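# Reading the structure
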Amino acid sequence: VQLQASGGGLVQAGGSLRLSCAASGRTFSSYAMGWFRQAPGKERDFVAGIGWSGGITDYRGSVKGRFTISRDNAKNTVYLQMNSLKPEDTAVYYCAAARSRAQLRVGAEIDVWGQGTQVTVSS
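Residues numbered from 1 in each chain as written. Predicted model: local features only at pLDDT ≥ 70, side-chain atom pairs only at ≥ 80, totals over all residues. Heavy atoms only, no water.

Within the largest apolar cluster, 29 residues are counted, with the highest numbers of intra-cluster contacts made by Trp35, Leu80, Met82 and Tyr93. Contributions of two or more residues to this core are made by strand S1 (2-6), strand S3 (17-24), strand S4 (32-38), strand S5 (44-50), strand S7 (67-72), strand S8 (77-82), strand S9 (91-98) and strand S11 (117-122). One finds Phe36, Phe46, Leu104 and Ile110 within the second-largest nonpolar core, a separate group that totals seven residues. (Core = buried A, V, L, I, M, F, W, Y, C linked by side-chain atoms within 4.5 Å. Buried < 20%, exposed > 50% of the residue type's maximum accessible area, 1.4 Å probe, protein only. Helix = DSSP H or I, 4+ residues; strand = E, 2+ residues; numbered from the N terminus.)

Note on placement: Asp111 falls in the loop between helix H1 (101-106) and strand S10 (112-113). Along the chain, Asp111 and Gly8 lie 103 residues apart, while their C-alpha atoms are 23 Å from each other. Those residues in contact with Asp111, other than ones at most four positions away along the chain, are Tyr31, Ala97, Ala98 and Arg99. Engagement of the side chain of Asp111 in a polar contact is seen with the side chain of Arg99, the distance being 3.1 Å. (Contact = heavy atoms within 4.5 Å. Polar contact = N/O pair within 3.5 Å; in protein donor to acceptor, adjacent residues only side chain to side chain.)

The alternating pattern of S11 places Thr117, Val119 and Val121 on a buried face, while none of Gln118, Thr120 and Ser122, on the opposite face, is buried. Note: strand S2 (residues 9-12) against S11, four bridges, orientation parallel. The residue of S11 that forms the bridge with Gly9 is Val119. Bridge count between S9 and S11: three bridges; the pairing is antiparallel. If you follow Tyr93 over to S11, its bridge partner there is Thr117. (Pairing = 2+ DSSP bridges.)

Under the counting rule described, the total for this entry stands at three aromatic pairs. Ring geometry for Phe36 and Phe46: centres 5.7 Å apart, planes at 75°, overall edge-to-face. On the criterion of sequence distance, the pair formed by Phe36 in strand S4 and Phe46 in strand S5 is long-range, its members being 10 residues apart. Relative accessible area serves as the criterion here: at 2%, Phe36 is assigned to the buried category. Summarising the aromatic geometry, the rings of Tyr94 and Trp113 are spaced 6.5 Å apart at their centres and angled 85° between planes, so their arrangement reads as edge-to-face. Highlighted residues: Tyr94 in strand S9 and Trp113 in strand S10, separated in sequence by 19 residues. Here Tyr94 falls in the buried class, since its relative accessible area comes to 15%. An aromatic cluster of at least three residues, connected via ring pairs, comprises Phe36, Phe46, Tyr94 and Trp113. Arg44 extends its terminal NZ or CZ atom over the ring of Trp113, reaching a point 4.4 Å from the ring centre. Sitting above the plane of the Phe28 ring, Arg71 keeps its charged end 4.5 Å from the centroid. (Phe/Tyr/Trp six-rings, centres within 6.5 Å; stacked < 30°, edge-to-face > 60°. Lys NZ or Arg CZ within 6 Å of the ring centre and 35° of its normal.)

Set out below in structure tokens:
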């Protein structure tokens, strides 16, 4: 599978963005999917993950209640709806595919990374 992320941009604090990650290949529905982010000078961190069926999700604490991850297996796409954005959410956001949500949560054994999309939140 190959991943193509889009939807980043510049938004004011309190605003919203929706990121999309389109996957090629016929095995998309067999992967757990996730979003990570990397701010300048910092490590890449887990943001959100979703199981292959879409029924179970995970979030890092700082985005719970503001971000929602979802997937559409018919469209081979995973989304990240980001609301109430804060300047500290500014980062390059990456989508990723792994065999399990556990692997996504720890950022280990990621099978595929998408290219990043820049999200900038101004104060």
